[in-house]
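Fold and contact review
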Amino acid sequence: MRKLKAAIFISGRGSNLESLIKSTNKKNSLVDICLVISNNPSAKGLIIANKKKVPAIYVVQKKNFEKKITKYLKDIDVICLAGFMQVLAADFVNRWDSRLINIHPSYLPKFKGLNAQEQAIKAKSTFSGCTVHYVSSKIDSGEIILQKKVKILKKDNTESLSKKILIEEHKIYPRALQMVARRLLKQK
Ligand code: GAR
């Protein structure tokens, strides 16, 4: 079975990276994770990649970041942003159209941008959630692939909400990646 090759971009903890690696190690996965790219040399996710024996690099320079990584992406079919906290250049996003996906910790279109969980608490919303979407040139606005609502209780704070959302992130991101892979394989 032909599998798609994925690269995961991270900036920090890497818990979504870990759940993606775990899920793609399963027998029926349509995806192989072949590369991790971090924009932060101290990202804990780099240690996870190492432990799981996935090749990983870091590129710290923001300027020309996209140019610098191009040579590593030659064989890559799909890119997953997993806590990657840097806005990618528009021409890069356009080049990877339909093959570049992101997870955001809110029920989009609610609470776009930074600190989405804190935004939800501050807004006294009764729910938020998480969303996997295609990346477009507008932040957190591309076509939604999969999303899951999470209830916000009166006793919740940013930390407790973040934990509840993260549990759901780890479920929907692997599923969304397989959905995208199925779509891409059909086009091949
Ligand atoms: C996750 O909650 C992810 O949704 C969020 O960063 C966290 C990364 O955690 N992403 C964004 O806020 C992007 N706008 P992780 O490194 O443990 O996967």
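One can find the structure itself at the top, above this paragraph.
The rules behind these values
- Residues numbered from 1 in each chain as written.
- Predicted model: local features only at pLDDT ≥ 70, side-chain atom pairs only at ≥ 80, totals over all residues.
- Heavy atoms only, no water.
- Axes fitted to C-alpha atoms, helices over the stretch in contact; angles between N-to-C directions.
- Helix = DSSP H or I, 4+ residues; strand = E, 2+ residues; numbered from the N terminus.
- Parallel < 35°, antiparallel > 145°, perpendicular 65-115°, else oblique.
- Left-handed = near helix turned anticlockwise from the far one by under 90°.
- Contact = heavy atoms within 4.5 Å.
- Nonpolar A, V, L, I, M, F, W, Y, C, P; charged D, E, K, R; others polar.
- Near = heavy atom within 4 Å.
- Polar contact = N/O pair within 3.5 Å; in protein donor to acceptor, adjacent residues only side chain to side chain.
- Areas by Shrake-Rupley, 256 points an atom, 1.4 Å probe, with all protein chains shown as cover.
- 1 Å grid on protein atoms, 1.4 Å probe; cavity = no way out; pocket = protein on both sides within 12 Å on 5 of 7 lines; lining within 4 Å.
- Sits in = over half its atoms within 2 Å of the grid points.
- Salt bridge = Lys/Arg side-chain N within 4 Å of Asp/Glu carboxyl O.
- Buried < 20%, exposed > 50% of the residue type's maximum accessible area, 1.4 Å probe, protein only.
- Pairing = 2+ DSSP bridges.
- Right-handed = clockwise from strand over helix to strand, strands pointing away.
- Points joined across faces, edges and corners; volume = space filled by probe spheres on them.
- Core = buried A, V, L, I, M, F, W, Y, C linked by side-chain atoms within 4.5 Å.

1. Overview of the packing of helix 1 (residues 15-24) against helix 6 (residues 158-187)
- Two numbers describe how helix 1 lies on helix 6: the axes approach to 9 Å, and their chain directions differ by 45°. By the angle between their directions, the pair helix 1 and helix 6 is classed as oblique. For the crossing formed where helix 1 meets helix 6, the hand is right-handed. The residues of helix 6 that touch helix 1, namely those facing Ser15, Asn16, Ser19, Leu20, Ser23 and Thr24, are Leu166, Glu169, His170, Tyr173, Pro174, Leu177 and Gln178.
- Of the residues belonging to the contact of helix 1 with helix 6, the class tally is 5 nonpolar, 7 polar and 1 charged.

2. Regarding the site of the ligand
- All residues adjacent to the ligand are Arg13, Gly14, Ser15, Asn16, Gly83, Met85, Ile103, His104, Pro105 and Glu169.
- Between the ligand and Ser15 there is a distance of 2.6 Å, counted from an oxygen atom to a side-chain nitrogen or oxygen.
- Bound to the protein, the ligand loses 87% of the 450 Å² it would expose on its own.
- The cavity where the ligand resides is the largest pocket.
- Listing elements by their share of the shell around the ligand, those giving two or more residues are helix 1 and strand 5 (100-104).
- Split by residue class, the shell around the ligand holds 3 nonpolar, 5 polar and 2 charged.

3. Here's the deal with the pattern of salt bridges
- Applying the stated criterion across every chain, the model contains 5 salt bridges.
- Among the salt bridges present, the one from Glu143 reaches Arg183, with a minimum N-O distance of 3.9 Å. Within this pair, whereas Glu143 is found in the loop between strand 6 (127-134) and strand 7 (144-151), its partner Arg183 is found in helix 6, the two being separated by 40 residues in sequence.
- Taking relative accessible area as the criterion, Arg183 reaches 32% and is therefore assigned partly exposed.

4. A closer look at the sheet that holds strand 5
- Pairing is mixed in the open sheet, where 7 strands are placed in the order 3-2-1-4-5-6-7. Edge positions in the sheet fall to strand 3 (56-58) and strand 7, since each has one partner strand and no second. For this sheet the average axis-to-axis angle between neighbouring strands, irrespective of direction, equals 20°.

5. As for the pairing of strand 4 (residues 78-81)
- Neither face of strand 4 is exposed, since Val78 and Cys80 on one face and Ile79 and Leu81 on the opposite face are all buried.
- Where strand 1 (residues 4-10) and strand 4 come together, 4 bridges link them in parallel fashion. Bridge pairing in strand 4 places Phe9 opposite Leu81.
- Strand direction decides the pairing type here: strand 4 and strand 5, joined by 3 bridges, are parallel. Each residue of the ladder has a partner; that of Ile79, found in strand 5, is Leu100.
- In this fold, strand 4 hands off to helix 4 (residues 90-95), which returns the chain to strand 5; that crossover is right-handed.

6. Quick word on the layout of surface pockets
- Reported here for the largest pocket is a volume of approximately 940 Å³.
- If you go around the largest pocket, you meet 36 residues; those closest to its centre are Gly83, Phe84, Met85, Asn102 and Ile103.
- Secondary-structure elements contributing two or more residues to the lining of the largest pocket are helix 1, helix 4, strand 5, helix 5 (116-122) and helix 6.
- When residues of the lining of the largest pocket are assigned to their parent elements, the largest contribution, 4 residues, is made by helix 6.
- Looking at the lining of the largest pocket, its residues break down into 15 nonpolar, 16 polar and 5 charged.

7. Concerning the nonpolar core
- Residues Ile8, Leu17, Ile101, Val132 and Tyr173 are the most contacted members of the largest nonpolar core, which totals 40 residues.
- Here this core takes 9 residues from helix 6, the largest share from any one element.
- Apart from the residues lying within four places of it in its own chain, the contact partners of Leu17 are Ile8, Ile10, Val36, Gly45, Ile48, Ala49 and Ala82.
- Counting residues in hydrophobic clusters, the runner-up holds 18 residues, among them Phe9, Ile37, Ile69 and Val93.

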